[in-house]
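# Structural description and commentary
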Amino acid sequence: MYKHILFATDLTEDTEYLIEKVRAIRGLTGAKLSIIHVVEPLPGYSYAYLGIEDIEGQLVKESKQSMEKLGQQLNVNVADQHIEIGPTKTKILKVAEEARIDLIVCGSHGRHGLSLLLGSTANAILHGAKCDVLTVRLPEEQSS
Ligand code: AMP
């Protein structure tokens, strides 16, 4: 069965829904669990005029705080909590390969996704991953 699961999270409130599924799968398989959140780089000029410096740094800082909390909730070592900066799909697939992940768990669509369609990240993971992928169907009210 699965030995190492990677939970890809956008750290929105959907995460709460996914946590229960991740816990259950981990309980059934006894697999090791890692978590990943990717911060997409933003063009600096779009925020500079608002007086917000280093938006990326701030996003990473906030992500680290949420990730720390999530790590405690799911009992995941700090070393297995990945915060990456770059294109979401590429980073998730890279970490999955490096950590020899055999199951990636993600939501069916993010906050801005259409409920009937598979979101772009979920779609990209599904098409690009070399391992199994579990896309958890998120309830509509969670993401509209
Ligand atoms: P999306 O395809 O963007 O609508 O998101 C679908 C799922 O992909 C989410 O429920 C998460 O599991 C995962 N995901 C989306 N964005 C990120 C991100 N920035 N970092 C890690 N996982 C993500």
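Residues numbered from 1 in each chain as written. Predicted model: local features only at pLDDT ≥ 70, side-chain atom pairs only at ≥ 80, totals over all residues. Heavy atoms only, no water.

### What about the overall build of the chain?
Cut-off, in case you're wondering: For the purposes of this entry, the term helix denotes a DSSP run of H or I that reaches at least four residues, the term strand denotes a run of E that reaches at least two, and both are numbered from the N terminus. Accessible area is worked out with a 1.4 Å probe on protein chains only. A residue is then buried under 20% of its type maximum, exposed over 50%, and partly exposed in between. Contacts between residues were defined by any pair of non-hydrogen atoms, one from each residue, lying within 4.5 Å.
Within the chain, the regular secondary structure consists of 6 helices and 5 strands. The order of helices and strands in the chain, counted from the N terminus, is β-α-β-α-α-β-α-β-α-β-α. In the chain, which comprises 144 residues, the share counted as buried stands at 40%. Relative to all contacts within the chain whose residues are 6 or more apart in sequence, the contacts with residues 24 or more apart total 78%.

### A word on the pairing of strand E1 (residues 4-8)
Spelled out, the test is: What makes two strands pair is DSSP finding at least two bridges between them.
Of all 5 residues making up E1, 5 are buried, and the element is well covered by its neighbours. Judged by which residues are buried, E1 turns out to be covered on both faces: His4, Leu6 and Ala8 on one side and Ile5 and Phe7 on the other are all buried. Pairing of E1 with strand E2 (residues 32-39), which is carried by 5 bridges, proceeds in the parallel orientation. Within E2, the position partnered with Ala8 by the bridge is Ile36.

### With respect to the environment of Val78
Here Val78 shows up in the loop between helix H3 (55-74) and strand E3 (81-85). Among the residues examined, Val78 registers a relative accessible area of 65% and is labelled exposed. Distance in space between the C-alpha atoms of Val78 and Ser34 is 9.2 Å, their sequence separation being 44 residues.

### Some words on the nonpolar core
Spelled out, the test is: Put simply, a nonpolar core is a bunch of buried Ala, Val, Leu, Ile, Met, Phe, Trp, Tyr and Cys residues held in one set by side-chain atoms that sit within 4.5 Å of each other.
By size, the foremost hydrophobic cluster in this structure holds 17 residues, and its most contacted members are Ile5, Phe7, Leu33, Ile35, Leu74 and Val105. Examining the composition of this core, we find that 4 residues originate from one element, helix H1 (residues 14-29), more than from any other. Ignoring sequence-local partners within four residues, the contact set of Leu74 consists of Phe7, Ile19, Val22, Arg23, Arg26, Leu33 and Ile35.

### Some thoughts on the sheet that holds E1
Quick reminder of the rule: Angles here are taken between N-to-C directions and fall from 0 to 180 degrees, while the axes themselves are lines fitted to C-alpha atoms, restricted in helices to the stretch in contact.
Pairing within the open sheet is parallel, and its 5 strands lie in the order E3-E2-E1-E4-E5. Sheet topology places E3 and strand E5 (132-136) at the edges, where each strand pairs with a single neighbour. Between one strand axis and the next, the sheet turns through 25° on average, direction left out of account. Here E2 pairs with E3 via 5 bridges, running parallel. Its bridge partner being in E3, Ile35 is matched across the sheet by Gln81. Contacts between H3 and the sheet are confined to E1, E2 and E3, with E2 contributing the most and set at about 160° to the helix.

### A few points about the pattern of salt bridges
Note the cut-off: What makes a salt bridge here is a side-chain nitrogen of Lys or Arg within 4 Å of a carboxyl oxygen of Asp or Glu, nothing more.
Throughout the structure, instances matching the rule amount to 4 salt bridges. For Lys94, the salt bridge goes to Glu98, with nearest N and O atoms at 3.2 Å. Of this pair, Lys94 and Glu98 both sit in helix H4 (residues 88-98), separated by 4 residues, roughly a single helical turn. With relative accessibility at 56%, the residue Glu98 sits in the exposed group.

In short, shape yes, function no, at least from these values alone.
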